[in-house]
Amino acid sequence: MNTSSPWMALVKHKDQRKIIKLTKYFQRADKDGSGEISAEDWFKVLNEAGQKCTMEEVTDMFEKLDRDFDGKLSWSEFFGRKTKCETAFDVMDCDRDGYISKQEFHQLCLRLTPEQIEAAFKKFDASGDDKLDYREFCALMKSRERRRESEKK
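Residues numbered from 1 in each chain as written. Predicted model: local features only at pLDDT ≥ 70, side-chain atom pairs only at ≥ 80, totals over all residues. Heavy atoms only, no water.

**Some points on the nonpolar core**
Here comes step 1: One finds Ile37, Trp42, Met61, Phe62, Leu73 and Phe78 to be the most contacted residues of the largest nonpolar core, which totals 18 residues.
Here comes step 2: At the level of secondary structure, the elements contributing two or more residues to this core comprise helix H2 (16-29), helix H3 (39-48) and helix H4 (55-65).
Here comes step 3: Among the elements that take part in this core, H2 stands out by supplying 5 residues, more than any other.
Here comes step 4: With sequence-adjacent residues up to four places away left out, Phe62 is seen in contact with Ile37, Ser38, Ala39, Trp42, Gly71, Lys72 and Leu73.
Here comes step 5: Formed by 16 residues, the second largest nonpolar core is a distinct cluster that contains Phe105, Tyr134, Phe137 and Leu140. (Core = buried A, V, L, I, M, F, W, Y, C linked by side-chain atoms within 4.5 Å. Buried < 20%, exposed > 50% of the residue type's maximum accessible area, 1.4 Å probe, protein only. Helix = DSSP H or I, 4+ residues; strand = E, 2+ residues; numbered from the N terminus. Contact = heavy atoms within 4.5 Å.)

Below, the structure is given as structure tokens:
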């Protein structure tokens, strides 16, 4: 569990009232019910609740906690828990070298053809080293989520 979240101290010390309060703030900031909040919405909610802070402080917090690099905070990121991207990356990085190779990708994504895997690597392997680091993998996962969301509409 990531202990860098400022809210984790509340969880560790079992300050239930503050956790409930933060949960309500998070839900207010999560206007679309997606489970993610933007820095702008968090800033607005905090200031409306009388918790004075600057946009710079909120931006700083988001930069530290946004572990899937999408510019938003999920509930998991907010409370320092493992994200979907982190969990999936850990599963796919079979040899624990910090990268996902095409072979590892193919071993776990049995429904994808070699051509589909090649296309994904061509699009998301920004470094061109034929493997995906964590940031590149997050970009792939977020792209997949956006595509699924647009297909639902």
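Anyway, onward from the coordinates.
**A look at H2**
Here comes step 1: The terminal C-alpha atoms of H2, which comprises 14 residues, lie 20 Å apart, in line with the 20 Å expected from a rise of 1.5 Å per residue.
Here comes step 2: Listing the buried residues of H2 in full gives Ile19, Leu22, Thr23, Tyr25, Phe26 and Ala29. Seen along its axis, H2 keeps its buried residues to an arc of 165°; they face one direction. Facing away from the buried side of H2, by more than 90 degrees, are the exposed residues Arg17 and Gln27. (Expected span 1.5 Å × (residues − 1). Arc of directions from axis to C-beta.)

**Brief notes about the environment of Ser38**
Here comes step 1: The residue Ser38 is located in strand E1 (residues 36-38) in this model.
Here comes step 2: Residue classification places Ser38 among the buried residues on the basis of a relative accessible area of 16%.
Here comes step 3: In this structure, the C-alpha to C-alpha distance between Ser38 and Cys85, residues 47 residues apart in sequence, is 18 Å.

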